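# Structural characterization, general
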Amino acid sequence: MVTGDLTYEGTLRELSTDKGVLRYHEAGDPDAPPLLLLHGSGPGVTGWRNFAGNLPLFAQHFRVLVLEFPGFGVSDPTDQHPMMAALPSVPAFLDGLGLDQVDIIGNSMGGVVGTRFALSHPDRVRRLVTIGGMGKALFSPSPGEGINLLMEFTEAPSRERLIEWLNSMVYDKSMVTEELIQARWEQATEPSTLAAARRMYSRAALEAMGKAAASSPEPPYWAMLHQIKARMLITWGRDDRVSPMDMALVPMRTVEHAELHVFPNCGHWVMIEQKAAWEAAVLAFLTRED
């Protein structure tokens, strides 16, 4: 079992691809089964901020790879919509590392990216874990409270709006520390990162996406979930104000091998706010034989 240096600097790597330089964090035994972690979106997000606290456990069992999507201030910038840039970065990353098959954990947007990758590359995903964000709202208003606050921040950034959005992400608001606020503020207001966020989360961008989806002859990804072959664990915070829990109903019902685990007293960042319980559930799912 090899875990090594689990600091930011000690785990940071980079890979040159035709999508630009992709930076990532790597921990664990290089000969262990590969586990790819995909981060969410939002002001100041990075893969490290989403998953750094989970590395010590997962690195004991896996070769953990935390990919930083283009356009979020760590990997190279992109002129594309961040979701459109994220999707092809996954196969480019795996091909660059020579990995044929992985397990994937995706938080929010990362869960959508992982799900779409599992649909388009069914033989390359053994098991898939999602954390909120994936599916289709059936009963709740869309966009939800957290997304509306995210749009307000993106269009006119201020520390007050950042704090409002961060508070919508968690059940326990004491988690929104001054250190977290400052780190997120610095990352979110970096010019190229803010420009990328506006391509995704301005009201105009969301309206354009909605119109494009309505006129597209292609079905939305959530209507194709029955084609997922990987075993899937859907995890959700009961008190998620960004992606309400009713979004889990369609994937829970339509993915053949899907399981749903709901965590109480928990918002959108399940892997942080219910860290121990979430890690135990995910590790059991990834390591059991069935």
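For the structure, see preceding data.
Source: prediction; values computed, not measured.

Our next topic: the overall build of the chain. A tally of helices and strands in the chain yields 13 helices and 8 strands. Computed over C-alpha atoms, the radius of gyration of the chain comes to 18 Å, within 12% of the 19 Å expected from 2.2 N^0.38 for 290 residues, which places it in the range of a compact globule. Each of the three principal axes of the chain carries a C-alpha extent, and together these read 45 × 40 × 40 Å. Taken across its 290 residues, the chain has 52% of its residues classed as buried. For the chain, the accessible area works out to roughly 12,500 Å², and carbon and sulfur atoms hold 53% of it. Across the chain, 25 positive and 35 negative side-chain charges occur, with their mean positions spaced 5 Å apart.

Another aspect to go through is the environment of I105. Mapping I105 onto the fold places it in strand β5 (residues 102–107). Classification of I105 by relative accessible area gives buried; the value is 0%. It is 11 Å that separates the C-alpha atoms of I105 and L67, two residues lying 38 residues apart in sequence. Those residues in contact with I105, other than ones at most four positions away along the chain, are L35, L36, L37, L38, F51, F58, V129, I131, W278, V282 and L286.

Moving on to the packing of aromatic side chains. Per the counting criterion, the structure on display carries 5 aromatic pairs. Judged by centre distance (4.9 Å) and plane angle (70°), the ring pair of Y24 and F93 falls under edge-to-face. Taken together, the positions of Y24 in strand β2 (residues 20–27) and F93 in helix α4 (residues 82–97) put the pair 69 residues apart, joining distant regions of the chain. Neither Y24 nor F93 differs from the other in exposure class; each is buried. When the ring centre of F285 is taken as reference, the NZ or CZ atom of R127 above it lies at 5.3 Å.

Strand order across the open sheet formed by 8 strands is β1-β2-β4-β3-β5-β6-β7-β8, with mixed pairing between neighbours. With partners counted over all chains shown, the strands left at the sheet margins are β1 (12–17) and β8 (258–263), one partner each. Averaged over all pairs of adjacent strands, the angle between their axes in this sheet comes to 20°, without regard to strand direction. In this sheet, strand β4 (residues 63–67) lies alongside β2 in antiparallel orientation, the contact comprising 4 bridges. Within β4, the residue paired with E26 across the bridge is L65.

Turning our eyes to something else, we now look at the pattern of salt bridges. Taken as a whole and assessed by the stated rule, the structure comprises 10 salt bridges. Between D103 and R126 there is a salt bridge; the shortest N-O distance is 2.8 Å. Residue D103 is found in strand β5, and its partner R126 is found in strand β6 (residues 125–131); the two are separated by 23 residues along the sequence. According to the relative accessible area criterion, D103 is buried, its value standing at 3%.

A few words now on the nonpolar core. Judged by nonpolar contacts, the single largest core of 84 residues is most densely connected at L36, F69, V90, F93, I105, V113 and W278. Here F69 is in contact with L38, H39, S75, A86, S89, V90, M109, G110 and V113, once residues within four sequence places are set aside.

Moving on, we come to the environment of I163. Inspection of the secondary structure assignment puts I163 in helix α7 (residues 159–169). Spatially, the C-alpha atom of I163 lies 9.5 Å from that of F153, the residues being 10 residues apart in sequence.

Calculation rules
- Residue positions are given per chain, counting from 1 as you read along its sequence in written order.
- Residues qualify for local features only when their pLDDT is at least 70, as the model is predicted, and side-chain atom pairs are given and counted only at 80 or more; totals for whole chains, interfaces and linings, by contrast, use all residues.
- Each side-chain value is worked out from all heavy atoms of the structure, with water and hydrogens disregarded.
- Secondary structure elements follow DSSP: runs of H or I no shorter than four residues count as helices, runs of E no shorter than two count as strands, and numbering proceeds from the N terminus.
- Using C-alpha atoms as the atom set, the radius of gyration is obtained and then compared with a globule rule of 2.2 Å times the number of residues to the power 0.38.
- Each residue is placed in one exposure class: buried if its accessible area under a 1.4 Å probe, protein chains only, is under 20% of its type's maximum, exposed if it is over 50%, and partly exposed if it falls in between.
- Residue-level accessible areas treat just the shown protein chains as cover; the underlying method is Shrake-Rupley with a 1.4 Å probe.
- A residue counts as positive if it is Lys or Arg and as negative if it is Asp or Glu; His and the chain ends are not included.
- By convention, charge coordinates are those of NZ in Lys, CZ in Arg, CG in Asp, or CD in Glu.
- Residue contacts are defined here by distance: any two heavy atoms, one from each residue, within 4.5 Å place the two residues in contact.
- Two rings belonging to Phe, Tyr or Trp (six-membered ring only in the last case) form a pair when the distance between their centres is within 6.5 Å. Interplanar angles under 30 degrees mark stacking, angles over 60 mark edge-to-face geometry, and anything in between is tilted.
- Our definition puts a charge over a ring when NZ of Lys or CZ of Arg is within 6 Å of the ring centre and also within 35 degrees of the ring normal.
- At least two bridges found by DSSP between two strands is the condition for calling them paired.
- A fitted line through C-alpha atoms serves as each axis, taken over the contacting stretch for helices, and the angle formed by two N-to-C directions is quoted from 0 to 180°.
- Whenever a carboxyl oxygen of Asp or Glu lies within 4 Å of a side-chain nitrogen of Lys or Arg, that contact is scored as a salt bridge.
- Here the nonpolar core consists of buried residues drawn from Ala, Val, Leu, Ile, Met, Phe, Trp, Tyr and Cys, with membership extended through side-chain atoms lying within 4.5 Å.

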